[in-house]
Amino acid sequence: HLLTAAMTLGWQYKLITAAFTSGTSKGGMSRLLRRNRVFPVVYLSSESSSSTEKARVVFLGTPDVAATSLSRIIEKSREEDSVFEVVGVVTQPPKRRKRKGAPEASPVGKVAEEFGIPILCPEKAKDKEFLDELETSMRPDLCITAAYGQYLTKRFLAMPKFGTLNIHPSILPRWRGASPVQRSLESGDDPIGVTVLFTVSKMDAGPIVKQTITPVDENAQATEVLPYLFDIGTESLLESLPDVVSGKMTMDTAEKQDEEHVVAAAMIDKSEGVLRVWEESATTCHNKVRGFSMWPGTTISFKIEDTEEIATVKVITTRVPKLDNFSEKTNVVEIGKKKGDGLMVICGDGSVLELLEVQPPMKKRMDGKSYWNGLRGKKLEWVTLPEAEV
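Residues numbered from 1 in each chain as written. Predicted model: local features only at pLDDT ≥ 70, side-chain atom pairs only at ≥ 80, totals over all residues. Heavy atoms only, no water.

## A few points about the sheet that holds strand 8 (residues 142–146)
- The strand order 7-4-3-8-9-11-12 describes an open sheet built from seven strands, whose pairing is mixed. The sheet is open, and its two borders are formed by strand 7 (119–120) and strand 12 (208–214), each paired with just one other strand.
- With five bridges connecting them, strand 3 (residues 55–61) and strand 8 associate as parallel partners. Bridging from a neighbouring strand, Phe-59 pairs with Ile-144 of strand 8.
- Sitting on the sheet, helix 8 (residues 222–246) is in contact with strand 3, strand 4 (84–90), strand 8, strand 9 (164–168), strand 11 (192–198) and strand 12, with an inclination near 35° to strand 11. (Pairing = 2+ DSSP bridges. Helix = DSSP H or I, 4+ residues; strand = E, 2+ residues; numbered from the N terminus. Contact = heavy atoms within 4.5 Å. Axes fitted to C-alpha atoms, helices over the stretch in contact; angles between N-to-C directions.)

## Description of the pattern of salt bridges
- By the definition in use, this model includes 20 salt bridges.
- Taking the shortest distance from any N to any O, the salt bridge between Glu-235 and Arg-72 comes out at 2.7 Å. Placement of the pair is Glu-235 in helix 8 and Arg-72 in helix 3 (residues 64–77), with a sequence separation of 163 residues.
- Two residues, Asp-132 and Arg-155, come together in a salt bridge whose shortest N-O distance is 2.6 Å. Of this pair, Asp-132 sits in helix 5 (residues 128–138) while Arg-155 is found in helix 6 (residues 154–158), placing the two residues 23 residues apart along the sequence.
- Given a relative accessible area of 25%, Asp-132 falls into the partly exposed group. (Salt bridge = Lys/Arg side-chain N within 4 Å of Asp/Glu carboxyl O. Buried < 20%, exposed > 50% of the residue type's maximum accessible area, 1.4 Å probe, protein only.)

## Comments concerning the packing of aromatic side chains
- A complete count under the given rule lists one aromatic pair for this structure.
- Ring plane angle 35° and centroid distance 6.1 Å describe the contact between Phe-302 and Tyr-371, whose orientation is recorded as tilted. In this pair, Phe-302 sits in strand 14 (residues 298–304) while Tyr-371 sits in helix 10 (residues 368–374), placing the two residues 69 residues apart along the sequence.
- On the basis of relative accessible area, Phe-302 is assigned to the buried category, the value being 0%. (Phe/Tyr/Trp six-rings, centres within 6.5 Å; stacked < 30°, edge-to-face > 60°.)

## As for the nonpolar core
- If you look at the biggest cluster of nonpolar residues, it comprises 45 residues, and the most contacted ones within it are Phe-59, Ile-73, Phe-84, Leu-165, Val-225 and Leu-237.
- Among the elements that line this core, the one with the most residues is helix 8, at eleven residues.
- Excluding its chain neighbours within four sequence positions, the residues that come into contact with Phe-84 are Lys-54, Ala-55, Val-57, Ile-73, Lys-76, Ser-77, Leu-238 and Leu-241.
- Membership of the second largest hydrophobic core comes to 26 residues, among which are Cys-285, Ala-311, Leu-343 and Leu-375. (Core = buried A, V, L, I, M, F, W, Y, C linked by side-chain atoms within 4.5 Å.)

Structure follows, in structure tokens:
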């Protein structure tokens, strides 16, 4: 239907085809598209353009949260009074999701396929073939990024005349970098927020188009906070698009970030997931459980009476019970006295961390009470790790 409409209006078009095989060469179009599909890329001739022409938007993203954003943006673009249209999607190349399965498109790639939108899947966003194809075929007026996962070059950023907008889940300039939600929860931030900003070469340093601040529950985890913030950020972006494509909101008119208040959201190391209860407070450990719920998760090490082995248990959910006084310091773990209570871990400073859900080695996740019942009355103690004792 798209091709028919294009020919009827006298538009030029070309077909991009790409065979998706495991042996694709480094160069060439097949490596860029990675799809066994035919995509129409429509070129408007100069005589068909008009003052009412919609802005051409290219979306860049990869994971589930970005796929949800893309769906909402496409939905909005198809409203009668929309000022933009989504003409292309850029995402990471397909990967194997199962050990013996075939490579699958990213969540964003699957949404683009569902809506019949052309896709580019470069190995690197700096690849010349990719940039050439983006510039000549998709010809973006505006780009939107949401958890794309690659650095964008100066050539890329110079391409769209309205610039590139990014959805960043933090209150910039606080938490610039790769792990903003994780670091904000780990630090116990309240409120939290999401920022729509123009992208510049320096990471997350561009001027702010719109910022939304929201309170967060003290027990909320990254797995629920991240999609929540992206939902808010997507709506904020859509509200801002008319001003951006009209030229009212530009890099010059957007709010500059205060460099004196920058806080970096460093990448997370797997070792950070260890709950160091011997030296960290209950609140610190609880916030690590919240922040690292997606990856790497959090663990605590137990010694069970009459066994020599140390059991490293995954900690799924926790809370810090409201207690009037700190408890006497001990590494002995007990079950709470009330119905629904979890495992009570007394940290090195005497504060109490309650383990509500845990996952023992080689077993499914379970509540603290079930884990306690499985001990059959044996004494349970938390232990320091060998490297912590050195």
